[in-house]
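# Reading the structure
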Amino acid sequence: MERLVARLCSTNPGKLRELRAALPEWEIELLGADGYPPETGETYYENARTKAEFGRTHEPELLVIGEDSGLEVAGLGGRPGVHSARFGGDDPVGRLLAELHDVTDRRARYICELVTLDPDGVEHRGTGTLEGQIVDEPRGSEGFGYDPIFVPEGEDGTVAELGNEWKRRNSHRARAAAALRAAVDL
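Another aspect to go through is the environment of Glu25. Along the chain, the position of Glu25 falls in the loop between α1 (13-22) and β2 (26-30). According to the relative accessible area criterion, Glu25 is partly exposed, its value standing at 27%. Considered as a pair, Glu25 and Val151 are 126 residues apart in the sequence and their alpha carbons are 30 Å apart. Here Arg181 takes part through its side chain, which lies 2.5 Å from a polar atom of the side chain of Glu25.

This next bit is on helix α2 (residues 44-58). For α2, with 15 residues, the first-to-last C-alpha span of 22 Å sits near the 21 Å given by 1.5 Å per residue. All of the buried residues in α2 are Tyr44, Asn47, Ala48, Lys51, Ala52, Phe54 and Gly55. Along α2, the residues classed as buried sweep out an arc of 160 degrees about the axis, all on the same side. On its buried side, α2 packs onto β3 (63-73), β4 (80-81) and β5 (107-117).

This part is about the packing of aromatic side chains. The geometry of an aromatic ring pair is captured by the separation of the ring centres together with the interplanar angle, meaning the angle of the planes. Per the stated rule, a full pass over the model turns up two aromatic pairs. Ring geometry for Tyr36 against Phe54: centres 4.8 Å apart, planes inclined by 45 degrees, an arrangement best described as tilted. With Tyr36 in the loop between β2 and α2 and Phe54 in helix α2, this residue pair connects regions lying 18 residues apart in the sequence. The exposure class assigned to Tyr36 is partly exposed, which follows from its relative accessible area of 23%.

For the rest of this paragraph, the subject is the nonpolar core. Judged by nonpolar contacts, the single largest core of 19 residues is most densely connected at Leu71, Val73, Leu96, Ile134, Tyr146, Ile149 and Phe150. If you list the elements that add at least two residues to this core, you get β3, α3 (92-99), β5, β6 (123-134) and β7 (150-152). The element that contributes the greatest number of residues to this core is α3, accounting for three residues. In contact with Ile149, other than residues within four places in its own chain, are Val93, Leu96, Leu97, Gln133, Ile134, Val135, Glu137, Pro138 and Thr158.

In this sheet, β2 lies alongside strand β1 (residues 4-8) in parallel orientation, the contact comprising five bridges. The residue bridging Val5 from the neighbouring strand is Glu27, located in β2. Note on the crossover from β1 through α1 to β2: the handedness is right-handed. Both β1 and β3 contribute to a ladder of three bridges, which runs parallel. Bridged to Leu8 within β3 is Ile65.

Cut-offs and rules
- Residues numbered from 1 in each chain as written.
- Predicted model: local features only at pLDDT ≥ 70, side-chain atom pairs only at ≥ 80, totals over all residues.
- Heavy atoms only, no water.
- Helix = DSSP H or I, 4+ residues; strand = E, 2+ residues; numbered from the N terminus.
- Buried < 20%, exposed > 50% of the residue type's maximum accessible area, 1.4 Å probe, protein only.
- Polar contact = N/O pair within 3.5 Å; in protein donor to acceptor, adjacent residues only side chain to side chain.
- Expected span 1.5 Å × (residues − 1).
- Arc of directions from axis to C-beta.
- Contact = heavy atoms within 4.5 Å.
- Phe/Tyr/Trp six-rings, centres within 6.5 Å; stacked < 30°, edge-to-face > 60°.
- Core = buried A, V, L, I, M, F, W, Y, C linked by side-chain atoms within 4.5 Å.
- Pairing = 2+ DSSP bridges.
- Right-handed = clockwise from strand over helix to strand, strands pointing away.

Here you go:
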């Protein structure tokens, strides 16, 4: 069977690595474009769809993948949510821990939404979540983003301690990719 060629509408190499690992039968590269639209949607889906639409203007003959993901913390009313990438500037982990200083409800979940558009404009979606909690201080060195402070349900270590191999198999992005694979039905 011929490999499905796709462009990920992102500049994040960590997300590319995770999606390549989760979808090994797909040939995925980053979209080589400047001027990505701002993430102004109220939902992960809206932001992912906007990125996919942007990608179609640059690669109309290929499958394009839009992705948006975030961390929702119960004790912060679901924040940072769709604003996770911009939360806290250069130190989102530090800001999150500061805001959780006196908060006892540290339940959290990662969410990832993937949206593909094919050359005919047909859309497919995949959503994945990973439930867990936020710890008091960063631990571990692998992964990226909030991984050093997020402990998944059923685990003792943070995602950064569990490592990139664990993350490739179990993350919210891996789960979204599995749902997307099923939706595309290769």
